[in-house]
Amino acid sequence: MEIKREKVVDEIIGDMKTNKFKIGEDSMGIIIDSLINLYSDPVGSIIREVTSNCYDAHREKRLKREGIIPSTSEDDSKYWHPDSKNVEIEFQEENVLLGIGNAMIFRDFGIGLSQDRVETIYTMFGNSTKRDNNLQIGGFGIGAKSPFSYTNTFYIMANHNGTHYSYMLYKGNEAFHMDMIKATPTTELNSTQVIIPIKSDEDNRKFSKAIKNQLVYFDNVVYTNVEEGLGCNIVKAYPEYENDHMAITIGEDRVSEYTHCMIGRVKYDLDYKALEIDKLYASMAIKFGVGELDLVPSREAIRYTDRTKKAILAKIELVKQECVTDCNHNDSDFGSVFAVKANFSDILRKDLKLDLVGELSVNPLIDEAIEKIFAGFTINTVARVSDSKYSGGYK
């Protein structure tokens, strides 16, 4: 995610002396600990942040293949998996090699992490490889360290260009550390695993809930032993209708009765009070690209700056107009998607310009629906005729 920076204007500063703020060496641990504890929901943040990093790794590989972002001297596509390979999330009951019990494993098959890149990403707070564009979800340089908000130790396993690296990351008394456990040759293609020990069986429910809430719109994730291990049903949204600006879920796949946001593939509820509008009762996600809205540094919520509020309200109006247009041009589907669009846009009969069944139509929507319901049936008309031979005097 591209981070907007304020530029220094020489004309304003003039000859004034400028002093940059610094962090004292002996205060570094306190500052880092404060950054880690930004997360109000540690487990939910782990699920969102680590999965987003996996998602970004796959996107980076695809964008480098296409030449949209430049490759580096460390990139060698012969070690890359096909783009069809999906992100994997696994529940592991025991890892004998690491000597840990239950753990969550997040596995991506992107370009891989070299030793230098692992050190850049994991040992430097505020450092990010995603800050100069809006093509990837991250950008604040904090998310990769989010497991520290839950546990004092986690592990990274990285295959990169023929070498397998194992790392242990841990929190000491006053500092955070990363140790390389080993580096060995491998024939496996590039991949990265983040292994997070689950501290107690009671936390299984927290991870289960977080997966349901945070990953509902992620469409390239494969789950291994998660339902069995965590004792949950993985709920994924399969939008009945989706374009660049909206995603509609209906029936059992409905994500929420209220309209909400999707940024990247992450779901965010809207703060209608901050927007100063009434709640929108439509099972729809308003879609935003990464960087379109301001987020708090923990990325747990939307930051309702003037820029963000203006962008959300403008997108809502845009989607409403799209819904009106779609309803007016619809000539085949009057099901649930049509109903959601009509409800979201507060569509009235005066807004419709349909002429489906001629001038005799009282309500073209209902008439067309009835016509479709009875398609294929033959309807005969009957008349009542006087005839004394029949009971009641009519036949």
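Along each chain, numbering runs from 1 in the same order as the chain's sequence is written. Local features in a predicted model are, by the rule used here, given only for residues with pLDDT of at least 70; side-chain atom pairs are given and counted only at 80 or more, and totals for whole chains, interfaces and linings are based on all residues. Heavy atoms throughout the structure, all of them, feed into the side-chain values; hydrogens and water do not.

Caption draft 1: Representation of the overall build of the protein chain. Secondary structure assignment for the protein chain yields ten helices and twelve strands. Using a 1.4 Å probe on the protein chains alone, a residue whose accessible area is under 20% of its type maximum counts as buried, one over 50% counts as exposed, and one in between counts as partly exposed. Expressed as a percentage of its 395 residues, the buried residues of the protein chain come to 45%. Whether two residues touch is decided by their heavy atoms; if any such pair falls within 4.5 Å, the residues are in contact. Look at the contacts in the protein chain between residues 6 or more apart in sequence, and 63% of them connect residues 24 or more apart. Only carbon and sulfur atoms are counted for the fraction: they give 49% of the accessible area of the protein chain, which is about 22,400 Å². Only DSSP runs of H or I with at least four residues qualify as helices, and only runs of E with at least two residues qualify as strands; both kinds are numbered from the N terminus onward. Per-residue and other accessible areas follow the Shrake-Rupley method at a 1.4 Å probe size, with only the shown protein chains counted as cover for residues.

Caption draft 2: Region of interest: the sheet that holds strand S6 (residues 191-197). One requirement defines pairing of two strands: DSSP has to find at least two bridges between them. Overall, mixed pairing links the seven strands, which are arranged S5-S4-S3-S6-S2-S1-S7 in an open sheet. Each of the sheet's edge strands pairs with one partner strand only, and the pair in question is strand S5 (176-185) and strand S7 (221-224). Averaged over all adjacent pairs, the angle separating strand axes in this sheet is 15°, with direction ignored. Direction of pairing for strand S2 (residues 103-108) relative to S6: antiparallel, over a ladder of six bridges. Angles shown run from 0 to 180 degrees and are taken between the N-to-C directions of axes, each axis being a line fitted to C-alpha atoms and, for helices, limited to the stretch in contact.

Caption draft 3: Here's a closer look at the pairing of strand S10 (residues 260-263). A two-sided burial pattern is seen for S10, the buried positions comprising His260 and Met262 on one face and Cys261 and Ile263 on the other. Bridge count between S10 and strand S12 (residues 284-288): four bridges; the pairing is parallel. Looking at the pairing, cysteine 261 lines up with isoleucine 286 of S12. The sheet contact formed by S10 and strand S11 (residues 266-268) spans three bridges and is antiparallel. Its bridge partner being in S11, cysteine 261 is matched across the sheet by tyrosine 268. The turn linking S10 back onto S11 is made up of two residues, and glycine 264 within it adopts a positive phi angle of 70°.

Caption draft 4: Broad picture of the nonpolar core. Grouped together as the largest cluster of nonpolar side chains are 65 residues, with contacts concentrated most on Phe106 and Tyr122. Among the elements that make up this core, the one with the highest residue count is helix H3 (residues 42-65) (six residues). Residue contacts for phenylalanine 106: discarding those within four places in its chain leaves Ile46, Ile47, Val50, Thr51, Cys54, Glu88, Ile89, Thr192, Gln193, Val194 and Ile196. Only buried residues count toward a nonpolar core, which is a set of Ala, Val, Leu, Ile, Met, Phe, Trp, Tyr and Cys residues joined through side-chain atoms within 4.5 Å. The next biggest cluster of nonpolar side chains, apart from the first, holds seven residues, and it includes Leu98, Ile100, Tyr155 and Met157.

Caption draft 5: Up close: the pattern of salt bridges. We define a salt bridge as a contact between a side-chain nitrogen of Lys or Arg and a carboxyl oxygen of Asp or Glu at a distance within 4 Å. Scanning the entire structure with this criterion turns up 16 salt bridges. Arginine 48 serves as the salt-bridge partner of glutamate 49, at 3.1 Å between the closest nitrogen and oxygen. A residue is classified by how much of its surface remains accessible, and glutamate 49, at 3% relative accessible area, is buried. For arginine 48, a relative accessible area of 3% corresponds to the buried category. Arginine 265 is paired through a salt bridge with aspartate 219; the nearest N and O atoms lie 3.9 Å apart.

Caption draft 6: Looking closely at the packing of helix H8 (residues 306-329) against helix H9 (residues 336-344). Relative orientation of the contacting elements H8 and H9 amounts to 130°, with a least axis distance of 8 Å. Viewed along their axes, H8 and H9 adopt a mutual orientation that is oblique. Between H8 and H9 lies a crossing whose hand is left-handed. Contact residues: Ile316, Val319, Lys320, Cys323, Asp326 and Cys327 in H8; Phe338, Lys341, Ala342 and Phe344 in H9. Gly is placed with the polar residues, together with every amino acid not listed as nonpolar (Ala, Val, Leu, Ile, Met, Phe, Trp, Tyr, Cys and Pro) or charged (Asp, Glu, Lys and Arg). Each residue belonging to the contact of H8 with H9 can be placed in one class, and the counts come to seven nonpolar, no polar and three charged. Here is the rule for angles: anything less than 35 degrees is roughly parallel, anything more than 145 is roughly antiparallel, 65 through 115 is roughly perpendicular, and the remaining ranges are oblique. Crossing handedness: left-handed means the near helix sits turned counterclockwise from the far one by under a right angle, and right-handed means the same turn made clockwise.

Caption draft 7: Seen up close, the packing of H3 against helix H5 (residues 203-214). Axis separation between H3 and H5 bottoms out at 9 Å; the angle between their running directions is 50°. Between H3 and H5, the interaxial angle falls into the category oblique. The crossing of H3 and H5 is right-handed. Residues Val43, Gly44, Ile47 and Arg48 of H3 form the contact with H5, whose own contacting residues are Lys206, Phe207, Ala210, Ile211 and Gln214. Counted by class, the contact of H3 with H5 contains five nonpolar, two polar and two charged residues.

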